[in-house]
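Observations on the three-dimensional arrangement
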Amino acid sequence: GSTLFPQQLGLAATYNTDLAEQLAAVSAYETRASGIPWTFSPVLDLGRQALWPRLWETFGEDVHLTTQMGLAMVKGYEGEDIAHPHRVASCLKHYAGYGFSWTGHDRTPVYLGERQLREYHLAPFAAAIKAGAATIMINSGEINGIPVHASRQMLTDILRDEMGFEGIAVTDWEDIRYLHTRHRVADNHKEAVRMAIEAGVDMSMVP
């Protein structure tokens with residue numbers, strides 16, 4: 001019985017940030033009414049890889065539009081106080097560069113130069129963090145050969161120290177375990193947990 005809204009790509013086509021904020025506010029009200037205080041939205045990945053099967057989740061290829069739409073949705077979800085009974089915590093996805101897959105397949109390696117990473121892929125996240133977004137979800141893949149869930153540079157040096165993020169960093173689905181089973185940078189699950197925590201992960205989303 002909840003309200004069905006367009007996917008982010010359809011919303012982006014309106015270029016209407018007021019509409020984006022209203023959509024998020026209604027979604028927050030209905031989500032909180034169901035007893036859930038948190039939403040895994042908005043997606044701030046740039047839609048620049050046409051082969052990527054999750055392109056429709058993004059606001060498209062433009063950094064400025066993605067940033068402004070993302071800010072509007074964070075405001076709509078969280079308002080002035082996420083503890084308000086009509087608001088929910090937002091979650092910025094997927095930090096960072098997730099949608100720029102080299103092959104186009106989901107959850108596969110990304111190769112990005114430092115300038116491209118910072119000027120394009122980090123910019124929407126930096127703006128939303130400055131606006132007070134409460135939580136952030138981590139990129140499932142690798143950037144330049146390093147799994148993001150094990151990257152202290154990405155999760156502590158840049159996210160915490162440079163961007164000033166003070167909220168909760170949550171994994172994507174099963175991604176700590178994948179440090180062992182898929183990325184093969186950890187000898188076992190216990191080692192994968194240690195690596196993720198030391199890198200800067202706060203919370204694990206697991207089956």
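Look up a bit, the structure's there.
The shown structure was predicted, so the numbers you read here are calculated from the model rather than taken from an experiment.

Re the packing of aromatic side chains
Going through the model one piece at a time under the given rule, you end up with four aromatic pairs. Aromatic side chains Tyr95 and Phe125 sit 5.7 Å apart centroid to centroid with 85° between the ring planes, which places their arrangement in the edge-to-face category. Placement of the pair is Tyr95 in strand β1 (residues 91-95) and Phe125 in helix α5 (residues 123-130), with a sequence separation of 30 residues. Each member of the pair, Tyr95 as well as Phe125, carries the same accessibility label: buried. Both rings, one in Trp102 and one in Tyr111, keep their centres 5.3 Å apart while their planes meet at 80°; by these two values the pair is edge-to-face. Look at Trp102 and you get exposed, because its relative accessible area is 61%. Between the NZ or CZ atom of Arg182 and the centre of the ring of Tyr178, over which it lies, the distance is 4.1 Å.

Section: unusual backbone geometry
Geometrically, the link from Ser41 to Pro42 is a cis peptide bond, its omega value of 5° lying close to zero. A cis amide bond links Lys93 with the next residue in sequence, His94, at an omega value of -15°. With respect to the helices and strands, the residue His94 is situated in strand β1. For Glu174, which is not glycine, the phi dihedral falls at a positive 70°. Relative to the assigned elements, Glu174 resides in the loop between β5 (168-170) and α7 (175-181). When its relative accessible area of 16% is taken as the criterion, Glu174 is described as buried. Positive phi, close to 60°, is recorded for Arg184, a residue that is not glycine.

Observations regarding the pairing of strand β2 (residues 135-138)
Every second residue of β2 is oriented toward a common face, with Thr135 and Met137 on one face and Ile136 and Ile138 on the other, all of them buried. Sheet topology places β1 next to β2; three bridges connect them, and they run parallel. When the bridges of β2 are listed, Leu92 appears paired with Ile136. By the bridge criterion, three bridges tie β2 to β5 in an arrangement that is parallel. Paired with Thr135 across the two strands is Ile168, which belongs to β5.

What about the pattern of salt bridges?
Side chains bearing opposite charge may pair, as long as their charged atoms lie close to each other. By the definition in use, this model includes 11 salt bridges. Salt-bridge contacts for Glu162 lead to Arg118; the nearest nitrogen and oxygen are separated by 2.8 Å. With Glu162 in helix α6 (residues 152-162) and Arg118 in helix α4 (residues 114-121), this residue pair connects regions lying 44 residues apart in the sequence. Linking Glu198 and Arg194 is a salt bridge whose minimum nitrogen-to-oxygen distance equals 2.6 Å. Of this pair, Glu198 and Arg194 both sit in helix α8 (residues 189-199), separated by four residues, roughly a single helical turn. Accessibility expressed as a relative area gives 37% for Arg194, which makes it partly exposed.

Notes on the side chain of Asp175
Its location among the elements puts Asp175 in helix α7. A polar side-chain atom of Asp175 sits 3.2 Å from a polar atom in the side chain of Arg107. Setting aside its immediate chain neighbours within four residues, Asp175 contacts Arg107, Ser140, His149 and Arg182.

Considerations on the nonpolar core
Counting 45 residues, the largest nonpolar core has Met73, Leu92, Tyr95, Leu122, Ile136 and Met154 as its most contacted members. Excluding its chain neighbours within four sequence positions, the residues that come into contact with Ile136 are Cys91, Leu92, Tyr95, Phe125, Ile129, Leu159, Phe165, Ile168, Ala169 and Val170.

A word on the packing of α4 against α5
Running from N to C, α4 and α5 cross one another at 45°; their axes reach a closest spacing of 5 Å. By the angle class used here, α4 and α5 are oblique. On α5, the residues touching Arg118, Glu119, Tyr120 and His121 of α4 are Ala123, Pro124 and Phe125. Across the contact of α4 with α5, the residue classes tally to four nonpolar, one polar and two charged.

About the criteria used
- Residues numbered from 1 in each chain as written.
- Predicted model: local features only at pLDDT ≥ 70, side-chain atom pairs only at ≥ 80, totals over all residues.
- Heavy atoms only, no water.
- Phe/Tyr/Trp six-rings, centres within 6.5 Å; stacked < 30°, edge-to-face > 60°.
- Helix = DSSP H or I, 4+ residues; strand = E, 2+ residues; numbered from the N terminus.
- Buried < 20%, exposed > 50% of the residue type's maximum accessible area, 1.4 Å probe, protein only.
- Lys NZ or Arg CZ within 6 Å of the ring centre and 35° of its normal.
- Pairing = 2+ DSSP bridges.
- Salt bridge = Lys/Arg side-chain N within 4 Å of Asp/Glu carboxyl O.
- Polar contact = N/O pair within 3.5 Å; in protein donor to acceptor, adjacent residues only side chain to side chain.
- Contact = heavy atoms within 4.5 Å.
- Core = buried A, V, L, I, M, F, W, Y, C linked by side-chain atoms within 4.5 Å.
- Axes fitted to C-alpha atoms, helices over the stretch in contact; angles between N-to-C directions.
- Parallel < 35°, antiparallel > 145°, perpendicular 65-115°, else oblique.
- Nonpolar A, V, L, I, M, F, W, Y, C, P; charged D, E, K, R; others polar.

Everything listed here is a matter of geometry and, on its own, says nothing about what the molecule does.
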